[in-house]
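Tertiary structure, described
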Amino acid sequence: MMMAKKQDVRIPVYSISVVGLSGTEKEKGQCGIGKSCLCNRFVRSSADDFYPEHTSVLSTSDFGGRVVNNDHFLYWGDINRLMEDGSEYKLNVVEQTEFIDDQTFQPHRSTALQPYIKRAAATKLASAEKLMYFCTDQLGLEQDFEQKQMPDGKLLIDGFLLCIDVSRGMNRNFDDQLKFVTNLYNQLGKTKKPVVVVLTKCDEGVERYIRDAHSFALNKRNLQVIETSARSNVNVDLAFCTLVQQIDKRGKLKNISYFEALKQQSQQIATAKDKYEWLISRHVKNHNETWQNVSRKIVSLPEYQDYVYLEGTQKAKKMFFQHIAHLKQVHIDRRRSFYLNSLPHIFDSLIPCLDEIDSLHWSKVIQLLTTKEDFLKYFVVLDDVPWDLTSHIDKDDDRVPYDLLDTPPAEQVYTAHLEKLRNERKRSEMRKAFKENLESSPFITPGKPWEEARSFCMHEEFYQWLDEVEYLDIYNKHQKQIIDQAKDDFQELLLEYSELFYELGLDAKPSKEKMGVIQEVVGEEVRFKSLQKLQADRDALILKHIHFVYHPTKETCPSSPVCVDTKIEQLVGSKLRSFDRNQKNSLSDPNVDKINLVILGRDGLAREMANEIRALCTNDDKYVLDGKTYELSLRPIEGNVRLPVNSFQTPTFQPHGCLCLYNSKESLSYVTDSIDKSREWTSGRRDNHLGQLPLVLILIGRRGDTGGETLQNLIHHGQQTASKLHSTFLDLASTSIGYGRNINEKQINNILKVLMDTKRNLNLRSSSASIKDLADAELRIVMCLMCGDPTSIDDVLLPFLQTQTCKASQCGSNSVVLELSIGTQKRRIELSILSYHSTFNIRKSCLVHGYIFFYSAKRKASLAMLRAFLSEVLDIIPVQLVAVTDSSLDVLDNDVNREQVTEGEELAQDIDGRFVTVHCGQHPPHKIDIFQPFFKDVVEKKNIIEATHMYDNVAEACSTAEEVFNSPRAGSPLCNSNILDSEEDAEPPPPYTVVKDEVCVPTLSKDQTKLSVELDGNNFSFSSLASTFENRLSIKVPPPVKPKPTVHFDIKSDLPYFEQGSKDGQRKSLSSVSWPPTDGFDPSDYAEPMDAVVKTRPEEENIYSVPHDSTQGKIITIRNTNKAQSNGSGNGSDSELDSSSLERQRKMSLVSKPLLYRDKSKKLGRFSSFRTSFSVGSDDELGPMSKKSEEESGKGDNAVNYGPDVEDHRKRNLLRSLRRTSRKPTKLKPRLSLTKSNYFGVPLVAVVSNEKPIPIFIEKCIDYIETQGLSTEGIYRVSGNKSEMESLQRQFDQDNSLDLVEKDFTVNTVAGALKSFFSELPDPLVPYNMQVELVEAHKINDREQKLQTLKEILKKFPKENCEVFKYVITHLHKVSQNSKSNLMTSENLSICFWPTLMRPDFTTMDALTATRSYQTIIELFIQQCPFFFYNLPITEQTGVAPHSPTAVVANTSFQSPSPVTVPPLPPQSPPPSVLQSPVQSVQQATLQTEHQTL
């Protein structure tokens, strides 16, 4: 009901008549007063519907049309509006006017013939079918417009709008208009209808007219006056609404002045315009857009509609085109900028030469550009110009329009290019002058900082031209150049003093005295002083050279990677492509390959297994596998593998695999110990084949043993051992295969297949040779060349390699076999071509019949190395000295060459050697015939050399353990006979053995050389005695124990060199030499040679450091375990053998041992006085008495007792100067971050908070490692891939929520990134000020008090450091608990982590002397983690020091029914003294830790 009533309510309808001055031109002027525009703007207020021009001059037809309908008023239609109270009303708008005939210019006749004043005041209007008026264009075209009739054909007028034009009307007087309005108002007043005065055209209004109009309204009962402008749409609605309110009488609207209303209207239009502009810029991005496409997109958007309503479509379109023009201009400007920016590069390419354009005008340069070959590559010539008005602006062509060059900006670019070329020329001249100044200045020395050198060039012209960056760049490059040259010169100086280094007998830890001697001897050299400002580098070079002397390899060679050995291998390999390692076997049967198999097992297991395998072979030891025949060579081993007779490899036997047999815990322990010892023996060697040797661990059932719990335990322990040894495990006991001849042939086939696959991948070669190797050659000659010599290797070697009889040798890639005519016979000679440093390693152990020494006459170091090597060669071995020169004239013209040649010739004469000069590059090259006299000497001395070599081998095999392992130095600082028990040892010699019985020295028998031994009246050959030890390896039944017989040696062959020289200088032939019986050792007394060997002495662990070439400042430290030398020595010469037990047994011998060349010639051994002046070895090897006397005599910091060996005052002062006082530690710079980051390399406080005390990166890494990698072998020791670590850090930097599992990073990569995080911290996790306290606490002897003090120091850590340190140590403790699988004990982890967590400053003495303490402290934290951080009791370690290997042995070995013999532990080295020299202090760092940290 309510809704129905509401819908029935009709809105009020009002009719308003707009009146004002009308009539002919005479009455109103040339234009109307704006009544039509006022009505148009109110009824149709949109800008597109507003027509500013309305005419009252009509034709008769138009006047009679339905729109005018012969009336003098227009019906504008109706419109709905809202009152202030929200009520709606409708208005009908009528305009009273007077239409003029376009013919007569008089008013048209209408139905009402009244004058306009009376007609305009009419309140009732009627006109049937009268249509609504739009504009003048509608007249006559009514059908094109909306046809809406006046309602009911009549209207009742409710009010009037009286219009007054306040503009300057043409031909119209305002006063006349005001009189007309006055009369009109009087007529309107009679109607009693409301009247509102409307001032039109106020936008062009005259102030006086406006005032008069207001005065008129004021005089007429205060008529309401509204100031309007239909053109600007100001107050039009207000005028009509004011009249409606007067009609409705509901109130009164606020009258707003024209200017205030205009301001509001302008603001509205401006807002709409801004929105429209934003709309256009959003939708129009390309200057090629069209209005049609854009308007269709935006027509429905309010921003467009609002603006078009206020301003119209035309203005909107105009603004669109303005925006398009702006976009086009921006595009052109962008293209112009691109072209101009391209010109410098184009000019650099086309006209880079200043001389070509320096004097040309820009116009000439433009023409010059067209002549260039690449002109069209950079420029495009357009048909139409200018280019910015053509379609070229829209083409995808980056070439520059040619007409652009005619513009001033292009000329400015050219001017800048010309100036740049001139400046570059000048700066180049200044840089050259600066560099020449540096090269010529005697004040610029290696290592001098730029701050000191600046003063020498500040007043030069180039100083004014160059920038600081350029100075530093040129100076740094020059410094690098002179430093590198100075280092090369210093290295050459060290090589020139080779005799000194080898005479000093330097070992892993050279003593302070020896280091002092080195600096004393070479200290006055200019090349030594040139590195005065680079003492650390100089000391590092000395240490590096010492490492080369002690451990000579291709890698440590100063000429690496172009070591002579590498060049020789390449040259020999290229010249002898038919190389065949098994040449002899291939000649006999090319289809037969050889397998050398070691069988390891105690209690007869090895021999019985060998018999079983031989039972499956053919009569000639052939074995058929997959259709191919192999020759099996078996080596059963049941004794101590450290003895030469039980070594895995010999000069004649290179193993391809090993069968490890056990049937008890004791035999399993023997297998494990033997494998470890063998691997330790060859660890670090270039030919370390045992490290790659395939192993098969086999459980053999005991006869009569039915298994049970014991068998299960053996299987379990065997599987664990196989995993540790990385071997295959085979159970023959529980699979009912049994033992004996029931072994499965299929299983043997599988084992041999694995061995064959591995054998193909191994490059096995003999590292040395014995008499057995001479089965293919009669003589072995070693040719030595010096690394770094300026001579060509090809010129030296090609005469040998191009010999027709030259072929490859089976003894290595650097050996060849020559068949030469020597005298009346042809001889097969094996020629081993090696560097001097490689020859040092084989000089003592190899049988060598002669040496050919090449040296460069240009180079002093070459002859110095020759002298150093020759000093330790036995004088019975012939030598040939060869001086290599460029030409014969070179010797005459060059003083150094002449002096070197003369010295070499004199040396050869002094030692009765041969000498010859060879000219490199001569045509034809030297011939091999020049060495014929030398070869004859070799043939003459062949027998005595072989007998001496055999004598030494037997003596070594028969000596005690002390003599075996500590034989006197064989001329090389590398003690060849020392046994090394650390996997990180320097490269030791291979475990050579004596000759096998089946060989029996064929060369000796061939030459009818006999060395007879009388034993119980029975004569047997000396070779039989030697082969007795080899027989122990292959016999199937242990030999019986023989009684000790009286031994007499009878030499019945022509051995002229066993007799001492006679007075007449002639060598006499000695028919026989009798060796009286002694109480010495007879090897036949024992079933196994190892039974005659006493237990070895405790070992001592040596740690020494050498600099690494790849990274400046990087130090590589190598652990070495050497046997303790008797009497503090063991590196003496062969002449010192009198103190050995073997010599004591033979001091009744009538035969004297051959001398060394050093003892024969006064020209050798010029530094021999230093050889016995010092105790051999490091300071730790001086013995307790020496140390005690030193402590008693040292009352001050520098008071040292040097002992009787250092008498020279100058030498004492030098040694004292080496003991530098420590400086205050300075913080080391953190390692640079792998990636540029805001997370890595920042202070720790920046990545933690109270809520998150642990960095999220550390949490993620440790969580990942503990879930994925606790069993990863070598974790934190094996380095991760650097690129993967960088990728991990980079991805985490971008997303801290990175999922490491999802990204599939390797465990080693995550572990490496974790360590890198701590390495990149600005300060170490363990603060420097705490490190001092930790070291002091570590010195406390009482263990419990020490741990408690360390725990108290932890509380002083900064909070964030303490939390993170606790978190990391807890993690490392957890890792160490899994050491059985990951092999990372707490000691190993501490070695890897202490440099990362503590980062000591190795430039200070305090840090260097405390390095071992640092490692032990971290190890204690890991071991006692529960005590330090979780208040649990102290973990008992059963009295084993944290770094002791026994801890590992105790944890890994299983319980054995019989006691297991634990090797004696090495004595703990005391901590380095504070008074150590910096050179020695550097030796205290470790290889593993530094390698992992850096």
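That block above? That's the structure.
Throughout what follows, the structure given in this document is the object of discussion. Bear in mind that the values here come from a model prediction, so they are computed numbers and not experimental data. (Residues numbered from 1 in each chain as written. Predicted model: local features only at pLDDT ≥ 70, side-chain atom pairs only at ≥ 80, totals over all residues. Heavy atoms only, no water.)

The number of helices and strands found in the protein chain is 58 helices and 30 strands. Relative to its full complement of 1494 residues, the protein chain shows a buried share of 53%. When contacts within the protein chain are restricted to residue pairs at least 6 apart in sequence, those whose partners lie at least 24 apart make up 76%. For the protein chain, the exposed surface amounts to about 69900 Å²; the carbon and sulfur share of it is 49%. (Helix = DSSP H or I, 4+ residues; strand = E, 2+ residues; numbered from the N terminus. Buried < 20%, exposed > 50% of the residue type's maximum accessible area, 1.4 Å probe, protein only. Contact = heavy atoms within 4.5 Å. Areas by Shrake-Rupley, 256 points an atom, 1.4 Å probe, with all protein chains shown as cover.)

A few words on the packing of aromatic side chains. Here the structure, examined in full by the defined rule, presents 52 aromatic pairs. Taken together, the ring pairs in this structure connect Tyr276, Trp291, Tyr304, Tyr307, Phe320 and Phe321 into an aromatic cluster. Cation over ring: Arg41 sits above Phe50, and NZ or CZ is 3.9 Å from the ring centre. One cation-aromatic arrangement involves Arg538 over Phe528; the distance from NZ or CZ to the ring centre is 3.9 Å. (Phe/Tyr/Trp six-rings, centres within 6.5 Å; stacked < 30°, edge-to-face > 60°. Lys NZ or Arg CZ within 6 Å of the ring centre and 35° of its normal.)

Here the focus is the environment of Gly447. Structurally, Gly447 is set in the loop between helix H16 (408-440) and helix H17 (450-453). C-alpha separation for the pair Gly447 and Lys480, spaced 33 residues apart in sequence, amounts to 8.8 Å.

Turning next to the environment of Gln149. The residue Gln149 is located in the loop between strand S6 (124-126) and strand S7 (154-156) in this model. Sequence separation between Gln149 and Met132 is 17 residues; the distance between their C-alpha atoms is 5.8 Å.

Residue placement: Thr839 occurs in helix H31 (residues 836-842). Within the structure, Thr839 has its side chain in polar contact with the backbone oxygen of Ser835 (distance 2.6 Å). (Polar contact = N/O pair within 3.5 Å; in protein donor to acceptor, adjacent residues only side chain to side chain.)

What follows is about the nonpolar core. In this structure, Leu785, Leu797, Tyr851, Phe853 and Leu870 are the most contacted members of the largest nonpolar core, which totals 100 residues. Take this core: its biggest share by element is seven residues, from helix H32 (residues 860-870). Residues within four places of Leu785 in sequence aside, it is in contact with Val564, Ile568, Ile793, Val796, Leu797, Ile833, Leu834, Ser835, Tyr836 and Phe854. (Core = buried A, V, L, I, M, F, W, Y, C linked by side-chain atoms within 4.5 Å.)

A cis geometry characterises the amide bond from Val385 onward to Pro386, with omega recorded as -5 degrees. With respect to the helices and strands, the residue Pro386 is situated in the loop between strand S11 (379-380) and strand S12 (400-401). Residue Ser560 is joined to Pro561 through a cis peptide bond whose omega torsion reads 10 degrees. Among the structural elements, Pro561 can be located in the loop between helix H23 (535-550) and helix H24 (564-575). Positioned with a positive phi, Tyr1276 is a non-glycine residue whose angle comes to about 70 degrees. Mapping Tyr1276 onto the fold places it in the loop between helix H44 (1256-1268) and helix H45 (1282-1294). For Leu1383, which is not glycine, the phi torsion reads 60 degrees and is therefore positive. Among the structural elements, Leu1383 can be located in the loop between helix H51 (1379-1382) and helix H52 (1386-1398).

With respect to the helices and strands, Ser1386 occurs in helix H52. Relative accessible area serves as the criterion here: at 11%, Ser1386 is assigned to the buried category. In this structure the side chain of Ser1386 is engaged in a polar contact, spanning 3.2 Å, whose partner is the side chain of Gln1423. Sequence-distant contacts of Ser1386, that is, excluding residues within four places in its chain, are made with Ser1376, Glu1419, Ile1422 and Gln1423.

Remark: helix H48 (residues 1328-1338) packs on helix H54 (residues 1411-1423), axes separated minimally by 10 Å, with the N-to-C direction vectors making an angle of 85 degrees. As judged from the angle between their axes, H48 and H54 are roughly perpendicular. Contacts between H48 and H54 pair Gln1331, Leu1334, Val1335 and His1338 from the former with Ser1413, Tyr1414, Thr1416, Ile1417, Leu1420 and Phe1421 from the latter. For the contact of H48 with H54, the residue count by class is six nonpolar, four polar and no charged. (Axes fitted to C-alpha atoms, helices over the stretch in contact; angles between N-to-C directions. Parallel < 35°, antiparallel > 145°, perpendicular 65-115°, else oblique. Nonpolar A, V, L, I, M, F, W, Y, C, P; charged D, E, K, R; others polar.)

Mapped onto the elements, Phe1317 comes out in helix H47 (residues 1307-1319). Owing to a relative accessible area of 1%, Phe1317 belongs among the buried residues under this scheme. For Phe1317, the residues in contact, after removing those within four places along its chain, are Tyr1239, Phe1240, Leu1244, Val1247, Pro1255, Phe1257 and Ile1258.

Attention now goes to the sheet that holds strand S10 (residues 224-227). Spatially, the six strands line up as an open sheet ordered S3-S4-S1-S8-S9-S10, and their pairing is mixed. A single partner strand is all that each edge strand has here, and the edge strands are strand S3 (73-82) and S10. When the angles between neighbouring strand axes are averaged without regard to direction, this sheet yields 25 degrees. As defined by bridge partners, strand S8 (residues 159-165) adjoins strand S9 (residues 195-200) across six bridges and the pair is classed as parallel. Among the inter-strand pairings, Phe160 is bridged to a residue of S9, identified as Val195. (Pairing = 2+ DSSP bridges.)

With respect to burial, strand S19 (residues 779-785) is a largely interior element, seven of its seven residues being buried. Residues Leu779, Ile781, Met783 and Leu785 of S19 are buried on one face, and the alternating residues Arg780, Val782 and Cys784, pointing to the opposite face, are buried as well. Two strands pair when backbone bridges link them, and S19 and strand S22 (residues 825-835) are joined in this way by seven bridges, in the parallel orientation. Note that in S22 the partner of Leu785 across the bridge is Ser835. In this structure, S19 lies alongside strand S23 (residues 850-856), joined through four bridges in parallel fashion. Looking across to S23, one finds that Cys784 is bridged to Phe853.

Turning our eyes to something else, we now look at the pairing of strand S4 (residues 88-96). Where burial is concerned, most of S4 is hidden: seven out of the nine residues are buried. Relative to S4, S3 is paired through nine bridges, and the arrangement is antiparallel. Bridge pairing links Asn80 to Lys90 in S4. Joining the antiparallel neighbours S3 and S4 is a turn of five residues, in which Gly86 adopts a positive phi near 95 degrees.

Attention shifts here to the sheet that holds strand S20 (residues 807-808). Taking strand neighbours across the sheet as the criterion, the seven strands line up as S20-S21-S22-S19-S23-S24-S25 in an open arrangement whose pairing is mixed. Unpaired on one side and paired on the other, S20 and strand S25 (914-919) mark the two borders of the sheet. Here strand S21 (residues 815-822) pairs with S22 via eight bridges, running antiparallel. Counted as the bridge partner of Ser815 is Ser832 from S22.

To continue, consider H47. In a regular helix each residue adds 1.5 Å, so 13 residues correspond to 18 Å; H47 covers 18 Å between its end C-alpha atoms and thus fits that length. Most of H47 is tucked away: 13 of the 13 residues are buried. (Expected span 1.5 Å × (residues − 1).)

Here the focus is the packing of helix H19 (residues 468-496) against H23. For the pair H19 and H23, interaxial distance at closest approach is 11 Å and the crossing angle is 40 degrees. Looking at the two axes, H19 sits oblique to H23. Once H19 is placed against H23, the crossing between them reads as right-handed. Where H19 abuts H23, its residues Lys487, Phe490, Gln491, Leu494 and Leu495 lie against Asp537, Arg538, Leu541, Ile542, His545 and Phe548. Considering only residue class, the contact of H19 with H23 consists of six nonpolar, two polar and three charged. (Left-handed = near helix turned anticlockwise from the far one by under 90°.)

Now for the pattern of salt bridges. Within this structure, the stated rule accounts for 48 salt bridges. In this structure, Asp355 engages Arg425 in a salt bridge whose closest nitrogen and oxygen atoms are separated by 2.4 Å. On the criterion of sequence distance, the pair formed by Asp355 in helix H13 (residues 354-357) and Arg425 in helix H16 is long-range, its members being 70 residues apart. You can call Asp355 exposed: its relative accessible area is 56%. For Arg425, a relative accessible area of 34% corresponds to the partly exposed category. In this structure, Arg859 and Glu492 form a salt bridge, with 2.6 Å as the shortest nitrogen-oxygen distance. Taken together, the positions of Arg859 in the loop between S23 and H32 and Glu492 in helix H19 put the pair 367 residues apart, joining distant regions of the chain. The network of salt bridges with shared partners includes Glu499, Arg867, Glu903 and Arg1166. (Salt bridge = Lys/Arg side-chain N within 4 Å of Asp/Glu carboxyl O.)

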